[in-house]
Amino acid sequence: MNHWPDVRVLDTIPSNDADIDAADRNCQRFRLRVPLMFGANPAQDAAALRFLVSAAERYVRVEWHLVGELPWPLHTVVHLPPPTTADDAASDIARQWREQSGLALCTYRYGPDFVVLRDNRPGKDRFRGLLGADWVQPFRDLVARIAVDNRLLDELVAADLAIRLGDGEHVVLAVRLRRWPVPYFAV
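Residues numbered from 1 in each chain as written. Predicted model: local features only at pLDDT ≥ 70, side-chain atom pairs only at ≥ 80, totals over all residues. Heavy atoms only, no water.

Some points on the layout of surface pockets
- Empty space within the largest pocket amounts to approximately 500 Å³.
- Taken together, 24 residues form the lining of the largest pocket, with Asp17, Arg50, Ser54, Val143 and Arg145 sitting closest to its centre.
- Of all elements in the fold, only α2 (42-57), β6 (106-111), α4 (133-144) and β10 (169-172) reach the threshold of two or more residues within the lining of the largest pocket.
- Considering each element in turn, the lining of the largest pocket owes the most residues, 6 residues, to α2.
- Residue composition of the lining of the largest pocket, grouped by class: 13 nonpolar, 4 polar and 7 charged.
- When its volume is computed, the second largest pocket comes out at roughly 320 Å³.
- Elements with a contribution of two residues or more to the lining of the second largest pocket: α2, β3 (62-63) and β6.
- Here the lining of the second largest pocket is built from residues that sort into 15 nonpolar, 5 polar and 3 charged. (1 Å grid on protein atoms, 1.4 Å probe; cavity = no way out; pocket = protein on both sides within 12 Å on 5 of 7 lines; lining within 4 Å. Points joined across faces, edges and corners; volume = space filled by probe spheres on them. Helix = DSSP H or I, 4+ residues; strand = E, 2+ residues; numbered from the N terminus. Nonpolar A, V, L, I, M, F, W, Y, C, P; charged D, E, K, R; others polar.)

Listed below in structure tokens is the structure:
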């Protein structure tokens, strides 16, 4: 009897969300064969972070290997899928990441004419913000990388909700809350 594969193996980081959407629909998890090392190449860092953000938005598990130290504090990415394995230099960070990781720690959601941002990541102050009607489209454009409102990006970076990586690369780190993952009282 053939079984549907529960693991989708990737040799590269997907460049769009089609693979992640398919994994979500098919209840699959990813196994990334290429190890991730942050801090050497801004474009690769951005692609890896966007992949982890997209996987977190869809609650798709990712098995991946971390190489080396993180170039930013752990609380910056602790809400994203943690590495399953790591080299010796990153083993403590990977362990802490797995221990502190959780669903819906740093999220945003759209409402009619507003965006709610919520950040409960360990290691930093809790944050809850509301973007009014004038900021909804610039926020959507920033997430989609259509246009950059530098004032908004600066505010999000200052709140650790986005990151600038050099070469004009940026990633909104907050995860879109597409469906409620846990009982309301647990978040």
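More follows now that the structure is in view.
With respect to the packing of α4 against helix α5 (residues 150-158)
- Between α4 and α5, the least distance of the axes is 10 Å, while the angle of their chain directions is 75°. When the axes of α4 and α5 are compared, the pair comes out roughly perpendicular. Counting all contacts with α4, which are made through Trp135, Pro138, Phe139 and Leu142, the residues of α5 involved are Arg151, Leu152, Leu153 and Leu156. (Axes fitted to C-alpha atoms, helices over the stretch in contact; angles between N-to-C directions. Parallel < 35°, antiparallel > 145°, perpendicular 65-115°, else oblique. Contact = heavy atoms within 4.5 Å.)

Describing the pattern of salt bridges
- Using the criterion set out here, one finds 13 salt bridges in the structure.
- Ionic pairing is found between arginine 50 and glutamate 169, a salt bridge with its closest N-O pair at 3.2 Å. Of this pair, arginine 50 sits in helix α2 while glutamate 169 sits in strand β10, and the two are 119 residues apart along the sequence.
- Judged by relative accessible area, which is 18%, arginine 50 ranks as buried.
- One continuous salt-bridge network, built from bridges that share partners, spans Asp6, Arg29, Arg31 and Glu63. (Salt bridge = Lys/Arg side-chain N within 4 Å of Asp/Glu carboxyl O. Buried < 20%, exposed > 50% of the residue type's maximum accessible area, 1.4 Å probe, protein only.)

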